[in-house]
Amino acid sequence: MRPLLSRVTTPTWGQAAPQIATVPKDSTHPGRFHTVQRSTAHPTQVLLTSETEAAAWATDMETEED
């Protein structure tokens, strides 16, 4: 399991990802998270959608052609 953390306190980082020595600076940018893999936290941009939007996006089989 790879935790996704965003705008959480230092104690929360310590509980969820104790292997991270220095807690990354949080961002107020919508959808900005950190993915924790082994001993590294990677900045990650995620899609913020409703359940309906996510389901439609995941099941849309059409491809766009330029």
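Because the structure is a prediction, the values reported are computed rather than measured. (Residues numbered from 1 in each chain as written. Predicted model: local features only at pLDDT ≥ 70, side-chain atom pairs only at ≥ 80, totals over all residues. Heavy atoms only, no water.)

(A) Expanded view of the overall build of the protein chain. Across its full length, the protein chain carries two helices and three strands. When the helices and strands of the protein chain are listed from N to C terminus, the series reads β-α-β-β-α. Evaluated residue by residue, the protein chain yields a buried proportion of 14% over its 66 residues. In the protein chain, of all internal contacts separated by at least 6 residues, the share reaching a separation of at least 24 is 25%. (Helix = DSSP H or I, 4+ residues; strand = E, 2+ residues; numbered from the N terminus. Buried < 20%, exposed > 50% of the residue type's maximum accessible area, 1.4 Å probe, protein only. Contact = heavy atoms within 4.5 Å.)

(B) Molecular detail of the nonpolar core. By size, the foremost hydrophobic cluster in this structure holds five residues: Leu 5, Trp 13, Ala 17, Ile 20 and Val 36. The residues contacting Ala 17, other than those within four sequence positions of it, are Leu 5 and Val 36. (Core = buried A, V, L, I, M, F, W, Y, C linked by side-chain atoms within 4.5 Å.)

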